[in-house]
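Here is what each chain is made of, one letter per residue.
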Amino acid sequence: QVQLVESGGGLVQAGGSLRLSCASSRNIFSINTMGWYRQAPGKQRELVATITSGGSTNYADSVKGRFTISRDNAKNTVYLQMNSLKPEDTAVYYCNAYFTVMGRPGAYDYWGQGAQVTVSS
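Please read these numbers as outputs of a predicted model, since none were measured by experiment.

Visitor: Please set out the state of the cysteines residue by residue, giving values where relevant.
Guide: All chains considered together, the criterion is met by one disulfide. Paired through a disulfide, cysteine 22 and cysteine 95 show a sulfur-sulfur distance of 2.0 Å. When the S-S torsion is -80°, as for the bridge of cysteine 22 with cysteine 95, the disulfide is left-handed. Placement of cysteine 22 in strand E3 (residues 18–24) and of cysteine 95 in strand E9 (residues 91–99) is noted, with a sequence separation of 73 residues between them. The two residues cysteine 22 and cysteine 95 agree in class, both being buried.

Shown next as C-alpha cells:
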C-alpha cells in the first residue's frame with residue numbers, strides 16, 4: 001500500500017502561482033512514473049504532467065510553459081509549480097503513482113485524496 005498526500009492547493013487570482021506537493025509513503029525512486037491529474041466539475045479527469053524515475057517529463061498542451069513538475073527523491077515528494085494560472089485551471093488536482101515490482105505480475109496504481117485549486121478571474 002502506498003499513501004500519497006497532497007498539499008498546497010487554495011484560492012488564487014488569475015495570473016498568480018501555486019505549488020502543489022505530493023508526499024509518498026514509498027520511496028519514489030522505485031516508482032516508475034509519478035504524475036498530476038486534475039478533474040474539473042462535470043469533466044473527466046485529465047493528465048496534467050508526469051515525471052519518470054529517470055526524470056523525463058510530459059505535459060498536457062494546456063499547461064506547457066506554465067507548469068513544472070519536479071521530484072525530490074530524498075524527500076519522497078513530487079511537486080507541481082503552477083504559474084500564470086487561469087480560471088480554467090480550476091479543478092481538484094490528484095497525485096498519482098504508477099509502478100511495477102520485479103518478480104510480481106501487473107502494475108500498481110495509487111491516487112492521493114486530491115487538492116482543490118481555485119483560480120478567480
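Now that the structure has been shown, the text picks up again.
Visitor: With reference to specific residues and values, describe the sheet that holds E3.
Guide: Within a beta sheet, neighbouring strands are joined by backbone hydrogen bonds and run either parallel or antiparallel to one another. One open sheet accounts for four strands, arranged E1-E3-E8-E7; its pairing is antiparallel. Of all strands in the sheet, those bounded by a partner on one side alone are strand E1 (4–7) and strand E7 (67–72). Mean inter-strand twist for the sheet, computed between neighbouring axes without regard to direction, equals 15°. Where E1 and E3 come together, four bridges link them in antiparallel fashion. Note on E3: the bridge partner recorded for valine 5 is alanine 23.

Visitor: Mind laying out the side chain of aspartate 89, listing which residues take part and the relevant values?
Guide: Summarising the element assignment, aspartate 89 is placed in the loop between strand E8 (77–82) and E9. There is a polar contact of 2.8 Å between the side chain of aspartate 89 and the backbone nitrogen of lysine 86. The contacts of aspartate 89, once residues within four sequence positions are left out, are Arg38, Arg66, Phe67, Ser84, Val117 and Val119.

Visitor: Tell me what's going on with the packing of aromatic side chains, and back it up with residues and numbers.
Guide: Applying the stated criterion across every chain yields a total of three aromatic pairs. Ring centres of phenylalanine 99 and tyrosine 108 lie 5.2 Å apart, and the angle between their planes is 10°; on these two criteria the pair is classed as stacked. Its relative accessible area of 2% is what places phenylalanine 99 among the buried residues. Consider the rings of phenylalanine 99 and tyrosine 110, whose centres lie 6.1 Å apart with planes at 15°: the pair is stacked.

Visitor: Quick rundown of the pairing of strand E5 (residues 46–52)? Include the residues and the values.
Guide: Pairing analysis gives six bridges linking strand E4 (residues 33–39) to E5, with the strands arranged antiparallel. Across the sheet, tryptophan 36 pairs through a bridge with alanine 49, a residue of E5. Counting the residues between successive antiparallel strands, the hairpin from E4 to E5 contains six residues, one of them, glycine 42, with a positive phi of roughly 75°. Pairing analysis gives three bridges linking E5 to strand E6 (residues 57–59), with the strands arranged antiparallel. Its bridge partner being in E6, threonine 50 is matched across the sheet by asparagine 58. Linking E5 back to E6 in an antiparallel pair, the connection comprises four residues, with glycine 55 at a positive phi of about 95°.

Thresholds applied
- Residues numbered from 1 in each chain as written.
- Predicted model: local features only at pLDDT ≥ 70, side-chain atom pairs only at ≥ 80, totals over all residues.
- Heavy atoms only, no water.
- Disulfide = S-S within 2.5 Å.
- Helix = DSSP H or I, 4+ residues; strand = E, 2+ residues; numbered from the N terminus.
- Buried < 20%, exposed > 50% of the residue type's maximum accessible area, 1.4 Å probe, protein only.
- Pairing = 2+ DSSP bridges.
- Axes fitted to C-alpha atoms, helices over the stretch in contact; angles between N-to-C directions.
- Polar contact = N/O pair within 3.5 Å; in protein donor to acceptor, adjacent residues only side chain to side chain.
- Contact = heavy atoms within 4.5 Å.
- Phe/Tyr/Trp six-rings, centres within 6.5 Å; stacked < 30°, edge-to-face > 60°.

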